[in-house]
Amino acid sequence: MLVAPSVLSADFGNLQRDIESICNAGCDLVHVDVMDGHFVPNLTIGPVVVSAIAACATKPLDIHLMVENNTFFVDLFAPLKPEYISFHIEEEKHPHRLIQKIRSLGIKPAIVLNPHTPPESIEYLLADLDMVLLMSVNPGFGGQSFIESVIPKAAKLNAMRNRINPNCLIEVDGGVSDKNIHLLRDAGVDIVVAGSYVFNHANKKEAIQSLQI
Ligand code: DX5
Ligand code: ZN
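For the structure given in this document, a descriptive report is provided here. Please read these numbers as outputs of a predicted model, since none were measured by experiment.

What counts and how
Residues numbered from 1 in each chain as written. Chains lettered and ligands numbered in written order. Predicted model: local features only at pLDDT ≥ 70, side-chain atom pairs only at ≥ 80, totals over all residues. Heavy atoms only, no water. Axes fitted to C-alpha atoms, helices over the stretch in contact; angles between N-to-C directions. Helix = DSSP H or I, 4+ residues; strand = E, 2+ residues; numbered from the N terminus. Parallel < 35°, antiparallel > 145°, perpendicular 65-115°, else oblique. Left-handed = near helix turned anticlockwise from the far one by under 90°. Contact = heavy atoms within 4.5 Å. Buried < 20%, exposed > 50% of the residue type's maximum accessible area, 1.4 Å probe, protein only. Pairing = 2+ DSSP bridges. Donors = N, O, S within 2.8 Å, 3.2 Å for Na, K, Ca; no water. Tetrahedral: all angles 85-135°; square planar, octahedral: opposite > 155°, others 65-115°. Salt bridge = Lys/Arg side-chain N within 4 Å of Asp/Glu carboxyl O. Near = heavy atom within 4 Å. Polar contact = N/O pair within 3.5 Å; in protein donor to acceptor, adjacent residues only side chain to side chain. Areas by Shrake-Rupley, 256 points an atom, 1.4 Å probe, with all protein chains shown as cover. 1 Å grid on protein atoms, 1.4 Å probe; cavity = no way out; pocket = protein on both sides within 12 Å on 5 of 7 lines; lining within 4 Å. Sits in = over half its atoms within 2 Å of the grid points. Nonpolar A, V, L, I, M, F, W, Y, C, P; charged D, E, K, R; others polar. Phe/Tyr/Trp six-rings, centres within 6.5 Å; stacked < 30°, edge-to-face > 60°.

## Examining the packing of helix α1 (residues 15-24) against helix α2 (residues 47-56)
- At a closest axis distance of 9 Å, the pairing of α1 and α2 adopts a crossing angle of 45°. By the angle between their directions, the pair α1 and α2 is classed as oblique. Crossing of α1 over α2 shows right-handed handedness. For the pair α1 and α2, the contacting residues are Leu15, Gln16, Ile19 and Glu20 in the first and Val49, Ile53 and Cys56 in the second.

## Regarding the pairing of strand β2 (residues 30-35)
- Most of β2 sits out of view: six of its six residues are buried.
- Burial of the side chains of β2 extends over both faces: Val30, Val32 and Val34 are buried on one face and His31, Asp33 and Met35 on the other.
- Sheet topology places β2 next to strand β3 (residues 61-66); six bridges connect them, and they run parallel. Bridged to methionine 35 within β3 is methionine 66.

## Things to note about the coordination of the zinc ion (ligand 2)
- Listed as protein donors to the zinc ion (ligand 2) are His31 (NE2), Asp33 (OD), His64 (ND1) and Asp173 (OD); their distances from the metal cover 2.0 to 2.3 Å.
- Each of the six donor atoms bound to the zinc ion (ligand 2) contributes to angles spanning 69 to 169°, and the resulting shape is octahedral.
- Between consecutive donor residues of the zinc ion (ligand 2), the sequence gaps follow H-x1-D-x30-H-x108-D.
- A relative accessible area of 0% means that histidine 31 is categorised as buried.

## Quick look at the pattern of salt bridges
- Here the structure, examined in full by the defined rule, presents ten salt bridges.
- The closest approach of N and O atoms between arginine 17 and aspartate 11, which form a salt bridge, is 3.6 Å.
- Across the pair lysine 101 and aspartate 75 runs a salt bridge whose closest N-O atoms are separated by 2.8 Å. Taken together, the residues lysine 101 in helix α4 (residues 95-104) and aspartate 75 in helix α3 (residues 70-77) connect sequence positions 26 residues apart.
- On the basis of relative accessibility, which here comes to 27%, the residue lysine 101 falls in the partly exposed class.
- Salt bridges here are not isolated pairs; linked through shared partners, they connect Asp11, Arg17 and Asp18.

## What about the site of ligand 1?
- Neighbouring ligand 1 are 20 residues; Gly140, Gly143, Asp173, Gly195 and Ser196 lie closest to it.
- Within the side chain of aspartate 173, an N or O atom sits 2.8 Å from an oxygen atom of ligand 1.
- When ligand 1 is considered free in solution it has 390 Å² of accessible area, and contact with the protein chains removes 100% of it.
- Its atoms largely coinciding with the cavity grid, ligand 1 occupies the largest cavity.
- At the level of elements, β2, β3 and β8 (191-194) are the ones that each hand at least two residues to the shell around ligand 1.
- Ranked by the residues each element gives to the shell around ligand 1, the list is headed by β2, at three residues.
- Here the shell around ligand 1 is built from residues that sort into eight nonpolar, ten polar and two charged.

## Quick notes on the packing of aromatic side chains
- Following the criterion strictly, the structure yields one aromatic pair and no others.
- Centroid distance phenylalanine 72 to phenylalanine 73: 5.3 Å. Interplanar angle 85°. Geometry classified as edge-to-face.
- Owing to a relative accessible area of 16%, phenylalanine 73 belongs among the buried residues under this scheme.

## Quick notes on the sheet that holds β2
- With respect to topology, eight strands assemble into an open sheet ordered β1-β8-β7-β6-β5-β4-β3-β2, the strand pairing being parallel. Where the open sheet ends on each side, the last strands, each with one partner, are β1 (2-5) and β2. When the angles between neighbouring strand axes are averaged without regard to direction, this sheet yields 25°.
- As paired elements, β3 and strand β4 (residues 84-88) share three bridges and run parallel to each other. Counted as the bridge partner of histidine 64 is serine 86 from β4.
- Across the sheet, α4 is in contact with β4 and β5 (108-113); its angle to β5 comes to roughly 145°.

In short, shape yes, function no, at least from these values alone.
The following block contains the structure:
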């Protein structure tokens, strides 16, 4: 299991210290939540702060867009060369076109599904994706509780991706901790995002290792 701590739970007054601490603690990716105050009822960071994160991160960036105008934001963040850019299927009229655009910029394209969105909705996109991100909370805030229905949903998506595109990874985001990590692994999940669990833990290395099972 790969672990991507969410910067949303970092101390923004000490951002460089916190980014360096998760990278030194052995995380696999750095998860960056971009919220526009429209698609979700919260507003986070733009390219100025994300480029500062990119400058001190020694692990690849995993940018999660929670925005209305995906194409605009892809153009804004592409120059930072993240490993992944993920966008919500609920907010995109032309997902296939956007996947191609992200790939043409040299970035791995990923799609995010909100808790209510069935995996079947992206069946015909799976062949072109590098990752699918399943939300296990309603997007917008860190520190929410884990929505259990993501477990059977991940298992269903796992069967679908094994059939259509075994190279496509499954990521889960929201409320992840040592309490649900085994269930996630057994359902076929490859990467977990963890914000409050990692940043509230007294020892970030221990927290990350407890998820890398
Ligand atoms: C929620 C974000 C998550 C969040 C995870 O909209 O996408 O990445 O920060 O935080 P925890 O792990 O605290 O639920
Ligand atoms: Zn996220």
